[in-house]
Amino acid sequence: MDGEQRVSPPSPRRPAEPGQVWFVDFDPVRGREQSKDRPALVVSSHFHLGITLGQLVSVLPLTSVERRAWMHRTPVAAGGGWVITEQVRTVSITRFRRYAPEITLTGDELDEVRHMLAQMLTV
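In short, a report on the structure. What you see is a predicted model, and the numbers here were worked out from it, not measured in a lab.

With that settled, the discussion passes to a nonpolar patch on the surface. A surface patch of nonpolar side chains, amounting to about 250 Å² of accessible area, comprises Val88, Met120 and Leu121. Residue placement: Met120 occurs in helix α2 (residues 107–120).

Here we come to the side chain of Arg38. You can see Arg38 is positioned in strand β2 (residues 37–42). Asp27 is the oppositely charged side chain nearest to the buried, salt-bridge-free Arg38, at an N-O distance of 8.0 Å. A distance of 2.8 Å separates the side chain of Arg38 from the backbone oxygen of Leu62, its partner in a polar contact. Once residues within four sequence positions are removed from consideration, Arg38 is found in contact with Trp22, Phe23, Val24, Phe26, Pro61, Leu62 and Thr63.

If you trace the backbone, Gln20 turns up in the segment before β1 (21–25). You can call Gln20 buried: its relative accessible area is 10%. For Gln20, the side chain forms a polar contact with the main-chain nitrogen of Glu17, separated by 2.9 Å.

Along β1, four of the five residues are buried, which leaves the element largely enclosed by surrounding structure. Across five bridges, the pairing between β1 and β2 is antiparallel. Counterpart to Phe23 in the pairing with β2 is Pro39. Where β1 meets strand β7 (residues 96–99), three bridges bridge the pair, whose relative direction is antiparallel. Counted as the bridge partner of Val24 is Phe96 from β7.

Before going further, it helps to examine unusual backbone geometry. Unlike most non-glycine residues, Leu53 shows phi in positive territory, near 55 degrees. For Leu53, the location among the structural elements is in the loop between α1 (46–51) and β3 (56–63). Exposure remark for Leu53: the relative accessible area of 72% places this residue in the exposed category.

Turning next to the nonpolar core. Counting residues in hydrophobic clusters, the biggest one holds 13 residues, and the most contacted among them are Leu41, Val83, Leu105 and Val113. Residue assignment for this core shows that the elements contributing at least two residues are β1, β3 and α2. Broken down by element, this core gets its largest block of residues, three residues, from α2. Among the nonpolar cores identified, the runner-up in size contains twelve residues, and Trp22, Leu49, Val57 and Ile93 belong to it.

Rules of the game
- Residues numbered from 1 in each chain as written.
- Predicted model: local features only at pLDDT ≥ 70, side-chain atom pairs only at ≥ 80, totals over all residues.
- Heavy atoms only, no water.
- Patch = residues over 30% accessible without salt bridge, like charges linked within 9 Å, V, L, I, M, F, W, Y side chains within 5 Å.
- Areas by Shrake-Rupley, 256 points an atom, 1.4 Å probe, with all protein chains shown as cover.
- Salt bridge = Lys/Arg side-chain N within 4 Å of Asp/Glu carboxyl O.
- Helix = DSSP H or I, 4+ residues; strand = E, 2+ residues; numbered from the N terminus.
- Buried < 20%, exposed > 50% of the residue type's maximum accessible area, 1.4 Å probe, protein only.
- Lys, Arg positive; Asp, Glu negative; His and termini not counted.
- Polar contact = N/O pair within 3.5 Å; in protein donor to acceptor, adjacent residues only side chain to side chain.
- Contact = heavy atoms within 4.5 Å.
- Pairing = 2+ DSSP bridges.
- Core = buried A, V, L, I, M, F, W, Y, C linked by side-chain atoms within 4.5 Å.

All quantities given are derived from atomic positions and should not be read as evidence of function.
Here's what the structure looks like:
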């Protein structure tokens, strides 16, 4: 191996878990959907992740823009933003850019997101 540099193989993608925040590429978008590469909260259940083999993940984008009149958005202390609970999106895992452990929701914040999702969704 004269002069050859040894390169390690890429590590396997860390699987997304419910409650984690990842940077996700939301482009292209339509209408008023959130765009750009931004943090997003994984709201898929383990059941959903299992039946899609982890290839499709439901997420809620985060924003740094406060809208005081929009009481349904959940503030996140770590990272200083808000979870956009009205924009549930199911995206391909290939849109995930990187895990964001620096943005971790507290148990109370996750409970508030669950409460808002229950208000937003019905069958």
